[in-house]
Every structure is written in C-alpha cells, then in structure tokens.
Amino acid sequence: KVALGHYTVGRESVPNHMQSNGDVHTRVAQVECEPGHYCIDGVRYICPRGYFGGVSGLYTDECSGRCDAGHYCQDGSISSTEFPCHDAAVYCPVGSFEPTIVPNGYYSVGYNYSSMTTRSAIVNCPAGHYCIEGIIRPCEPGRYSVAGSPSAECDGLCDEGYYCPEASVSVMEIACPAGRYGARKGMINEFCTGSCEAGYYCPSNSTSAKEFECGEDVYYCPSGSGDRIHVSDMHYTTGGTAKTRWNQAHCDGDAHSGTPPAAIERTFNLCPSTTYST
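Everything numeric in this text was worked out from a predicted model, so none of it was measured.

**Section: the state of the cysteines**
Tallied over the entire structure, the rule returns 10 disulfides. Here Cys67 engages in a disulfide with Cys73; their sulfurs sit 2.3 Å apart. Of note, the bridge from Cys67 to Cys73 carries an S-S torsion of about 75° and is right-handed in sense. Paired by a disulfide, Cys214 and Cys221 hold their sulfur atoms 2.1 Å apart. With the S-S dihedral at roughly 85°, the linkage between Cys214 and Cys221 falls on the right-handed side.

Structure below.
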C-alpha cells in the first residue's frame, strides 16, 4: 500500500510531475509528495489556491494551511507569504488567492493596522476625510465630510457664513468671526470673504458685507465692526446716513461740521444745540 503523503510513478508518471493516466495500472514505485502538493491514496494533487504546501509529504487538501493575511497564494504555492499584497488599492485577508479591490469609501491597512507594506483589511473612511483606491486623505479646505466620503468632493462645500479648514466634519464647521462675512460657499479660513463695510455691523456667521445697518445715529460702525458702538460723551457720529454712521468726532466750540441733524435730540447731551449738519 502507498504510504501517506506519497504518490506512485511508472514509465509515464515520473517524479516531480503530475501523473499520467497512461501507466495508471503499471506503477512501479512511490515518491514523497513535493512542497506545493499533497498526495492521497497514491495520487498527487496540487495545493489549492488560498493554501500553501511548505513541506514534503503532505496528505490533506489543506496542505500546510491557509495563506497569511496581507498575502495571496495561487495554485501550488509553497509559502504562506507567496505573493505580497502591497498595493494600497487592494487587500488580502487570510486565505486569499488573489487581491481584493478596496471599494471607495474605505482605506486599506496592514494585519496589525500599522503595516503599509502588506494590506490585509479595510477600514471605513472617517469623518473629515475621503478614501479613494485604498488611500485615506483629509477633505480639502472649504469642504467637509460628516461620516467619510468615497469622493474627493467630500460631502460638498461649507455653507455661506462659515469656513471649513482641512478635515472638517460639518457644513457649518466654524462661523465666520464677527466683523467679517462669508458671501459664498467653501470659505477656507477665518478671513472668509472680507470685512464688514463701514456703516454696518456683521455678527458671527454673517453672509453680507452689509449684514445690519448700524442703526440710530447714536451708534457708529467702522469697517470690520462685529457690533455697533455707542457714541462717546461729547462726541457726535459722522459718515454715511442717519442709520449708517461709521465714525465719531469730538464736539469742540460752537461750530461743528458733519453733525447729524438729530444731534440735539440725543441723550447724554452729546453735542450742544449749535452744532450743524454739512
């Protein structure tokens, strides 16, 4: 009887080759099964894909075991690391016989989640990032991703009145600061579109350079105002209209220029009644 892990040979079936049916009834000797193969009842078989045969004399179809994670094994492999799975766009779990393509929205990692030479698993793309061809990248400034994206567009552009630094996770990531405004989508930093216009004020997340008129002429709003400023004692507001003053001037003597017509009606007696408008 043929020993375990051996196959028979004859005139046409020679060692280190697959057997021939031409001499199936006239075998004259047995040979130990070579690596990459297994032998049962005197018949030589090639180790199946996804498995490897690392030693001689194997006698089960599992050969020496399954291919290692991060690698793949084709028919007749003799090593658990026969072919490395090193392209970021593919990954190879344990027992792989060919690389598996990484779907967009995921990135590939090594067996211990740190190896970048042999990819064996995939991970969901995290918030603030996009993942294409197995590579993770942060969303570009001006864009955001709530739960990871399969596209470089991420989830889209940041809203008006807000800005998104790199790797942002919300459409309203950071409000444009008071005194500035964001008139379009996709702002990338705290400068947003620009400064609020003189005579107006812009609270945080404003979308216009003229978000709010400064209001009564007891207030004034220089360029870049985040809120209106109350006129100081013994001063009057200047510039713009009665609702869009942007500066103040000191009351000095009996004659003054630039005073709003309503100056004498202000509280705190800001200016004497002799002031006049120009």
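**Observations concerning the nonpolar core**
Formed by Tyr201, Cys214, Val218, Tyr219, Cys221 and Val231, the largest nonpolar core amounts to six residues. One finds Tyr107, Val109, Ala121 and Cys125 within the second-largest nonpolar core, a separate group that totals five residues.

**Things to note about the pairing of strand β13 (residues 129-132)**
Bridge count between β13 and strand β14 (residues 135-138): four bridges; the pairing is antiparallel. Opposite Tyr130, over in β14, you have Arg137 as the bridge partner.

**With respect to the confidence of the model for the protein**
In this model, the protein carries an average pLDDT of 89, and 88% of its residues clear a pLDDT of 70 or more. Every residue in residues 253-270 is under pLDDT 50, and counting partners more than four places away or in other chains gives 46 contacts.

**Describing the side chain of Ser96**
With respect to the helices and strands, the residue Ser96 is situated in the loop between β9 (90-91) and β10 (100-101). Residue classification places Ser96 among the buried positions, given a relative accessible area of 7%. Within the local environment of Ser96, its side chain forms a polar contact with the backbone oxygen of Pro93, the two atoms lying 2.7 Å apart. Discounting residues that sit within four places of it in the chain, Ser96 has contacts with Gly50, Cys67, His71, Tyr72 and Cys73.

**Looking at unusual backbone geometry**
Notably, Cys63 is not glycine yet its phi reads approximately 50°, a positive angle. Structurally, Cys63 is set in the loop between β5 (51-52) and β6 (65-66). A relative accessible area of 10% places Cys63 in the buried class. Residue Asn205 is not a glycine yet carries a positive backbone phi of 60°. Judged by its relative accessible area of 31%, Asn205 is partly exposed.

**Brief notes about the side chain of Ser80**
The topology assignment puts Ser80 in the loop between β7 (71-72) and β8 (83-84). Every residue in contact with Ser80, bar those within four places of it in the chain, is listed here: Phe52, Arg66, Cys67, Asp68, His71 and Cys73.

**Comments concerning the pattern of salt bridges**
Within this structure, the stated rule accounts for five salt bridges. The salt bridge involving Asp23 is made with Arg27; its shortest N-O contact spans 3.0 Å. On the accessibility criterion, Asp23 (2% relative accessible area) is buried. With relative accessibility at 22%, the residue Arg27 sits in the partly exposed group. Linking Glu153 and Arg143 is a salt bridge whose minimum nitrogen-to-oxygen distance equals 3.0 Å. Placement of the pair is Glu153 in the loop between β14 and β15 (162-163) and Arg143 in the loop between β14 and β15, with a sequence separation of 10 residues. Using a relative accessible area of 46% as the deciding quantity, one classes Glu153 as partly exposed. Connected through salt bridges with shared partners, the residues Asp159, Glu160 and Lys185 form a single ionic network.

What counts and how
- Residues numbered from 1 in each chain as written.
- Predicted model: local features only at pLDDT ≥ 70, side-chain atom pairs only at ≥ 80, totals over all residues.
- Heavy atoms only, no water.
- Disulfide = S-S within 2.5 Å.
- Core = buried A, V, L, I, M, F, W, Y, C linked by side-chain atoms within 4.5 Å.
- Buried < 20%, exposed > 50% of the residue type's maximum accessible area, 1.4 Å probe, protein only.
- Pairing = 2+ DSSP bridges.
- Helix = DSSP H or I, 4+ residues; strand = E, 2+ residues; numbered from the N terminus.
- pLDDT = per-residue confidence, 0-100.
- Contact = heavy atoms within 4.5 Å.
- Polar contact = N/O pair within 3.5 Å; in protein donor to acceptor, adjacent residues only side chain to side chain.
- Salt bridge = Lys/Arg side-chain N within 4 Å of Asp/Glu carboxyl O.

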